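These are the residues of each chain, in order.
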Amino acid sequence: MLKIENLHVEVDGKEIIRGLDLEVPKGEVHAIMGPNGAGKSTLSYTLAGRDGYTVTDGKVTFRGRDLLDREPEERAADGLFLGFQYPVEIPGVATLTFLKTAVNAVRRQRGEAEYDAMQFMKLVRGKAKDLNISDEMLKRPVNVGFSGGEKKRNEILQMAVLDPAFCLLDETDSGLDIDALKVVADGVNALRGPERGMLIITHYQRLLDHIVPDRVHILAEGRIVESGDKDLALELEKKGYASFGTDRAA
Amino acid sequence: MAATAETIQQVKELGDRYKYGFSTDIESDMAPKGLSEDIVRFISAKKEEPEWLLEWRLKAYRHWLTMPEPEWAFVDFPQIDYQDAYYYAAPKTGDKPKSLDEVDPKLLETYAKLGIPLREQEVLAGVEGAPKVAVDAVFDSVSVGTTYKKQLEAKGIIFCAISEAIQTHPELVRKYLGSVVPAADNKHSCLNSAVFTDGSFVYIPKGVRCPMELSTYFRINQENTGQFERTLIIADEGSYVSYLEGCTAPMRDENQLHAAVVELIALDDAEIKYSTVQNWYPGDENGKGGIYNFVTKRGACRGRNSKISWTQVETGSSITWKYPSCILQGDNSVGEFYSVAITNNRQQADTGTKMIHIGKNTKSTIISKGISAGHANQTYRGLVRIQPGAEGARNYTQCDSLLIGDKCGAHTVPYIEAKNSSARVEHEATTSKISDEQLFYCRQRGLSDEEAVALIVNGFCREVMRELPMEFAVEATKLVGISLEGSVG
Ligand SMILES: Nc1ncnc2c1ncn2[C@@H]1O[C@H](COP(=O)(O)OP(=O)(O)O)[C@@H](O)[C@H]1O
Ligand SMILES: [Mg+2]
């Protein structure tokens with residue numbers, strides 16, 4: 001479903017991703033783990049098409065099509081969702097308004113009829129409830145004054161409502177207490193299915209206790225240095241990042 | 001090709017940037033080009049005005065000749081050739097229509113094309129079950145269709161063309177016309193006083209709450225016709241009215257002068273809410289064409305506990321020069337100014353308000369949101385004056401600017417004159433930019449960059465947008481998006 005070959009990415013003239021290969025077939029959940037500064041967020045921004053992340057070499061195919069020459073909103077309409085490590089504040093725009101605008105923008109691009117207010121509320125209500133998101137929170141401006149946990153739950157709500165083909169989650173667990181982590185993990189697990197791919201980026205093993213991955217990859221210095229099954233995460237937890245990566249990547 | 005089709009073609013070729021640009025070919029009953037005492041007499045005679053009004057116009061005209069152009073505003077445009085315009089134009093209808101059936105179908109078509117139609121078209125067309133928005137349609141200079149008149153009449157409310165009010169209620173017009181904006185106030189208001197052709201008149205009797213929004217659409221329809229509307233709204237003791245003015249204009253090549261005057265009078269315990277959505281043709285990307293919008297709007301809170309609230313969404317015109325103001329004369333009176341001004345491409349706007357505190361415990365609130373994109377320049381200019389007698393006066397001003405791109409400008413020029421030591425005046429100002437992060441976040445969720453900008457800007461303007469009457473907030477929200485098209489990417 002997502003296939004990355006020999007990807008090289010520069011930011012501000014500095015090479016951050018240096019020959020990364022990765023394939024996530026549909027129906028599978030893969031995890032990427034790596035130390036701070038390894039290039040995890042750089043990878044996720046590149047896949048989502050952020051300006052300033054210049055691909056100097058390599059190829060990415062998504063659902064059988066070249067991904068890299070498409071605009072960010074086209075990638076979104078194609079079913080690529082990025083849960084941000086640092087969700088962005090949009091003052092004055094109610095969370096509900098933002099959600100509705102996003103859902104309808106995606107539907108319009110896909111040539112589907114837009115939801116009216118009633119249909120949309122029906123869609124949101126149940127999903128918000130599952131994530132412990134109150135009506136009051138839906139009325140507040142997007143991420144403005146939200147706690148860390150609220151921001152991450154809001155990301156998962158957006159994901160659930162947009163119903164993407166592929167979920168890319170960048171450190172969705174960071175800054176969450178154990179209860180919030182559970183809610184978020186349940187939200188993600190609810191979306192697991194044979195037609196959907198997921199790439200879960202995390203710094204810590206603990207998220208993977210709740211979202212059990214099919215494959216685990218270790219990212220260090222801009223490339224995948226080790227891949228394995230879920231036990232690789234446990235091994236990494238014991239041995240630390242230093243035993244992987246640096247020497248091999250050099 | 002018919003003029004209409006031809007213009008539509010031209011608009012298409014311009015990439016649909018200005019969605020409402022076209023012309024209809026209704027023949028005009030025009031006065032010759034140029035401005036002179038004879039033209040003033042022609043207008044007055046055409047309207048069969050009483051002698052006192054002709055004298056009032058002539059006095060204004062003679063004074064206008066002596067006045068210099070206002071030069072303090074931060075706007076730049078070539079000298080206006082006042083002799084190169086028509087000062088009177090009216091759709092040719094013979095007798096005045098007695099019902100909407102008799103209104104020129106071309107005119108109704110025009111409204112349809114404007115996208116005004118939504119509910120308002122239904123109202124205009126008298127469709128059963130249409131919402132109660134009374135429309136006094138000003139097409140060029142003469143009012144053509146007035147609806148819901150009967151229902152308003154039952155409450156003693158007068159809502160009609162000012163030319164009609166001059167005939168039917170001369171005592172009210174004579175008492176209040178020019179009492180808030182004297183003819184000699186400024187060069188533009190002085191010109192308006194001399195040559196105004198039409199506009200709206202509203203009188204709400206004592207203790208009456210107007211049961212519906214009153215709304216007027218102004219359009220410029222005739223080549224080279226300056227527009228000089230005159231609006232007069234009087235809310236008698238304990239009454240309430242909400243009035244909305246919205247406008248769009250057809251495609252044009254030459255700059256057009258628009259110098260309206262609006263006067264509001266609120267007596268004891270009365271409240272007037274005046275909302276404007278202004279979308280005159282802004283000119284093309286290079287600043288060619290577009291309307292000069294030089295408007296004088298002022299409200300007098302004459303009575304105790306009276307309130308006047310201005311809300312404006314200004315997206316159109318090549319140049320906007322406009323300062324809706326409140327004179328807070330009655331004790332405990334309240335003045336409010338909520339403004340969104342958007343300038344894109346080569347548009348220029350110098351807008352703001354004046355709050356003049358005269359009575360005791362008078363209060364004013366100013367919320368101004370300025371958005372600049374492209375090469376546009378914008379200035380907020382606001383005066384808060386506390387007179388010596390204004391014990392306990394309060395003002396709160398918040399003035400936020402949002403810049404899109406790095407070639408536009410925003411300026412804030414507050415003037416504060418506090419002559420009473422018990423007064424409290426607060427002023428806050430911010431300038432910000434739409435961040436790349438915000439744009440990317442929205443686009444990752446599927447919004448195009450233009451949709452993202454529209455959403456973010458509407459969020460930035462929310463405090464003002466929510467002051468608009470519900471029905472019009474939706475249109476204004478769309479307008480924000482349309483007027484910022486092409487500002488990013
Ligand atoms: N916008 C940027 N400009 C310059 N350097 C950046 C930028 N973003 C990230 N980097 C650098 O790229 C490297 C990888 O960062 P990032 O992808 O955020 O790592 P991770 O998410 O794995 O912690 C770091 O050295 C970081 O300093
Ligand atoms: Mg990161």
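None of these values were measured; they are calculated from a predicted model. (Residues numbered from 1 in each chain as written. Chains lettered and ligands numbered in written order. Predicted model: local features only at pLDDT ≥ 70, side-chain atom pairs only at ≥ 80, totals over all residues. Heavy atoms only, no water.)

### Describing the overall build of chain B
Quick reminder of the rule: The secondary structure listing takes helices from DSSP runs of H or I that are at least 4 residues long and strands from runs of E that are at least 2 residues long, numbered from the N terminus. The criterion used for residue contact is that any of the two residues' heavy atoms lie within 4.5 Å. Only the protein chains shown count as cover for residues, with accessible areas throughout obtained via the Shrake-Rupley method and a probe of 1.4 Å.
Counting secondary structure elements, chain B contains 13 helices and 21 strands. The long-range share in chain B, meaning contacts at least 24 apart out of those at least 6 apart in sequence, stands at 84%. For chain B, the exposed surface amounts to about 18400 Å²; the carbon and sulfur share of it is 49%.

### Observations concerning the overall build of chain A
Formally: Only C-alpha atoms enter the radius of gyration, while the globule expectation follows 2.2 Å times N to the 0.38, with N the number of residues. For the exposure calls, accessible area comes from a 1.4 Å probe over protein chains only, and a residue counts as buried if that area is under 20% of its type's maximum, exposed if over 50%, partly exposed in between. Positive charges come from Lys and Arg alone, negative charges from Asp and Glu alone, with His and the N- and C-terminal ends not counted. In plain terms, the charge of a residue is placed at NZ if it is Lys, CZ if Arg, CG if Asp and CD if Glu.
Along its length, chain A carries 10 helices and 12 strands. Taking 2.2 N^0.38 as the reference for a compact globule, 250 residues should give roughly 18 Å; the C-alpha atoms of chain A span a radius of gyration of 18 Å, in line with that estimate. Structurally, chain A occupies a C-alpha span of about 55 × 40 × 35 Å along its principal axes. In chain A, which comprises 250 residues, the share counted as buried stands at 54%. Considering only residue pairs separated by 6 or more positions, chain A has 68% of its internal contacts joining residues 24 or more positions apart. Taken as a whole, chain A presents about 10900 Å² of accessible surface, with 47% of it coming from carbon and sulfur. One way to put it: in chain A the 34 positive side-chain charges average out to a point 4 Å from where the 41 negative ones average out.

### Overview of the interface of chain A and chain B
Selection rule: For any pair of parts, buried area is found by adding up, for both, the accessible area (1.4 Å probe) each one loses once the two are put together. By definition, a salt bridge exists where a carboxyl oxygen of Asp or Glu is found within 4 Å of a side-chain nitrogen of Lys or Arg.
Every contact between the two is made by 33 residues of chain A and, on the other side, 18 residues of chain B. Approximately 2100 Å² of surface area, both sides summed, lies buried where chain A meets chain B, with 62% of it carried by carbon and sulfur atoms. Taken together, the connections running from chain A to chain B amount to 4 salt bridges. The partner of R443 of chain B in a salt bridge is E73 of chain A, and the shortest N-O contact between them spans 2.8 Å. When residues of the side of chain A that touches chain B are traced back to their parent elements, those giving at least two are α1 (40–48), α2 (72–77), β6 (80–83), β7 (90–94), α3 (95–109) and α6 (148–162) of chain A.

### With respect to the layout of surface pockets
Think of a ball as big as a water molecule: rolled over the atoms, this probe shows where empty space is left. Selection rule: Residues are called lining when one of their atoms sits within 4 Å of a cavity or pocket point, these points coming from a 1 Å grid over the protein atoms alone, where a cavity is a set in which a 1.4 Å probe fits but cannot get out and a pocket is an open set with protein on both sides within 12 Å along at least five of seven lines. Grid points are joined across faces, edges and corners, and a volume is the space filled by probe spheres set on the points. Throughout this entry, Asp, Glu, Lys and Arg are counted as charged residues, while Ala, Val, Leu, Ile, Met, Phe, Trp, Tyr, Cys and Pro are counted as nonpolar. The remaining residues, Gly among them, count as polar.
Taken as a whole, the largest pocket holds about 1300 Å³ of empty space. Counting residues per element, the ones that place at least two in the lining of the largest pocket are β7, α3, α4 (117–130) and α5 (135–139) of chain A together with α11 (449–460), α12 (462–465) and α13 (470–483) of chain B. Classifying every residue of the lining of the largest pocket by side-chain character gives 17 nonpolar, 8 polar and 11 charged.

### A closer look at the sheet that holds strand β4 (residues 53–62) of chain A
The pairing of strands in a sheet comes from backbone hydrogen bonds and takes either a parallel or an antiparallel form. All names here are of chain A. Our working rule: Here the rule is simple: two strands pair whenever DSSP picks up at least two bridges between them. The axes used here are C-alpha line fits, helices contributing only the stretch in contact, and every angle between their N-to-C directions lies in the interval 0 to 180 degrees.
Read across the open sheet, the 4 strands follow the order β2-β1-β4-β5; overall the sheet is antiparallel. Across the chains shown, the open sheet's two edge strands, defined by having one partner strand only, are β2 (14–24) and β5 (65–66). With 2 bridges connecting them, β4 and β5 associate as antiparallel partners. Bridge pairing in β5 links T61 to D66. Set on the sheet, α1 makes contact with β1 (2–11), β2 and β4; between it and β1 the angle comes to about 110°.

### Considering the coordination of the magnesium ion (ligand 2)
Residue and element names in this part refer to chain A. For clarity, the cut-off: Only nitrogen, oxygen and sulfur atoms qualify as donors, provided they sit within 2.8 Å of the metal or within 3.2 Å for Na, K and Ca; with water excluded from the atoms, sites may seem incomplete.
Coordination sphere of the magnesium ion (ligand 2), protein contribution only: S41 (OG) and Q85 (OE1), at 2.1 to 2.2 Å. Of this pair, S41 sits in helix α1 while Q85 sits in the loop between β6 and β7; the two residues are 44 residues apart in sequence, bridging distant segments of the chain. Residue S41 shares its accessibility class with Q85, and that shared class is buried.

### A short note on the site of ligand 1
Residue and element names in this part refer to chain A. Which entries qualify depends on this criterion: The criterion for a residue being near a molecule or strand is simple. One of its heavy atoms has to lie within 4 Å of it. Polar contacts, as counted here, are pairs of nitrogen or oxygen atoms within 3.5 Å of one another; within protein the pair requires one atom able to donate a hydrogen and one able to accept it, and residues that are adjacent in sequence qualify only if both atoms are side-chain atoms.
Close contacts around ligand 1 come from 13 residues, with G37, G39, K40, S41 and T42 the closest. Contacts to ligand 1 include D12, whose side-chain N or O atom sits 3.2 Å from a nitrogen atom. Within the backbone of K40, a nitrogen or oxygen atom sits 2.8 Å from an oxygen atom of ligand 1. Its free accessible area being 560 Å², ligand 1 has 64% of it covered by the protein chains.

### Notes on the nonpolar core
Selection rule: What makes a nonpolar core is a set of buried Ala, Val, Leu, Ile, Met, Phe, Trp, Tyr and Cys residues whose side-chain atoms join them at distances within 4.5 Å.
Judged by nonpolar contacts, the single largest core of 99 residues is most densely connected at I371 and V457 of chain B. Not counting chain neighbours up to four residues away, the residues in contact with V457 of chain B comprise I342, I371, L402, I404, I434, V480 and L484 of chain B.

### Section: the pattern of salt bridges
Counted according to the given criterion, the structure contains 33 salt bridges over all chains. Of the charged contacts in the structure, one is a salt bridge between E235 of chain A and K239 of chain A, with a shortest N-O distance of 2.9 Å. With E235 of chain A and K239 of chain A both in helix α9 (residues 231–239) and 4 residues apart, this pair spans about one turn of that helix. Note that R304 of chain B is salt-bridged to D331 of chain B, the shortest N-O span being 3.5 Å. Linking R304 of chain B in the loop between β11 (291–301) and β12 (307–314) with D331 of chain B in the loop between β14 (325–328) and β15 (334–343), this pair joins segments that are 27 residues apart in sequence. Shared partners join several salt bridges into a network, and the residues in it are E71 and E73 of chain A together with R443 of chain B.

### What about the environment of L96 of chain A?
Residues and elements named next belong to chain A. Here L96 is to be found in helix α3. C-alpha separation for the pair L96 and F84, spaced 12 residues apart in sequence, amounts to 18 Å. Beyond its immediate stretch of four places on either side in the chain, L96 contacts F120, M121, V124 and L138.

### Details of the sheet that holds strand β3 (residues 29–33) of chain A
All names here are of chain A. Pairing is mixed across the open sheet formed by 6 strands, whose spatial order is β6-β9-β10-β3-β11-β12. Unpaired on one side and paired on the other, β6 and β12 (223–228) mark the two borders of the sheet. Each adjacent strand pair in this sheet contributes to an overall mean axis angle of 20°, direction not counted. Direction of pairing for β3 relative to strand β11 (residues 215–220): parallel, over a ladder of 4 bridges.

### Some remarks on the side chain of T61 of chain A
Residue and element names in this part refer to chain A. Along the polypeptide, T61 turns up in strand β4. Accessibility expressed as a relative area gives 18% for T61, which makes it buried. Not counting the four nearest positions on each side in its chain, T61 is found in contact with M1, L2, K3, D66 and L67.

### Remarks on the packing of aromatic side chains
Our working rule: Two aromatic rings from Phe, Tyr or Trp, using only the six-membered ring of Trp, form a pair when their centres are within 6.5 Å; if the ring planes differ by under 30 degrees the pair is stacked, by over 60 it is edge-to-face, and anything between is tilted.
Applying the stated criterion across every chain, the model contains 18 aromatic pairs over all chains. For the pair F159 of chain B and Y243 of chain B, a centre-to-centre distance of 6.3 Å together with 85° between the ring planes defines the contact as edge-to-face. Here F159 of chain B is found in strand β3 (residues 158–161), whereas its partner Y243 of chain B is found in strand β7 (residues 240–248), with 84 residues between them in sequence. Given a relative accessible area of 0%, Y243 of chain B falls into the buried group. Of the aromatic side chains, those joined through ring pairs into one cluster are Y45, Y53, F84 and F98 of chain A together with F440 and Y441 of chain B.

### Thoughts on the packing of α3 of chain A against α4 of chain A
The relative placement of two packed helices comes down to the angle between their axes together with the axis-to-axis distance. Residues and elements named next belong to chain A. As a reminder, the rule being used: If an angle is under 35 degrees, it is roughly parallel; if it is over 145, roughly antiparallel; if it lies from 65 to 115, roughly perpendicular; otherwise it is oblique.
The interhelical angle for the contact between α3 and α4, taken along N-to-C directions, is 110°, at an axis separation of 11 Å. It follows from the interaxial angle that α3 and α4 lie roughly perpendicular. Facing L96, L99, K100 and V103 of α3, the residues of α4 in contact are A117, F120, M121 and V124. Of the residues in the contact of α3 with α4, the class split is 7 nonpolar, no polar and 1 charged.

### What to know about the side chain of N420 of chain B
Residue and element names in this part refer to chain B. On the secondary structure map, N420 appears in the loop between β20 (409–418) and β21 (424–433). From its side chain, N420 meets the backbone oxygen of P388 in a polar contact 2.7 Å long. Among the polar contacts listed, one links the side chain of N420 to the side chain of S422, at a separation of 2.7 Å. When residues no more than four places from it in sequence are discounted, the contact partners of N420 are I386, Q387, P388, G389, A390 and E391.

### Describing helix α10 (residues 436–444) of chain B
Residue and element names in this part refer to chain B. The buried fraction of α10 is high, at 7 of 9 residues. Every buried residue belonging to α10 is among Q438, L439, F440, Y441, C442, R443 and Q444, and all of these are buried. Remark: G446 follows α10 within two positions and exhibits a positive phi of approximately 110°.

### Focus: unusual backbone geometry
Excluding glycine, a negative phi dihedral is what most residues carry, and trans is how most peptide bonds are arranged. Residues and elements named next belong to chain B. One non-glycine residue, D269, lies in positive phi territory at about 60°. Tracing the chain through its elements places D269 in the loop between β9 (261–266) and β10 (271–279). Overall, the relative accessible area of 47% leaves D269 in the partly exposed class. Here N345, not a glycine, exhibits a phi torsion of approximately 50°, which is positive. In this fold, N345 is placed in the loop between β15 and β16 (348–357).

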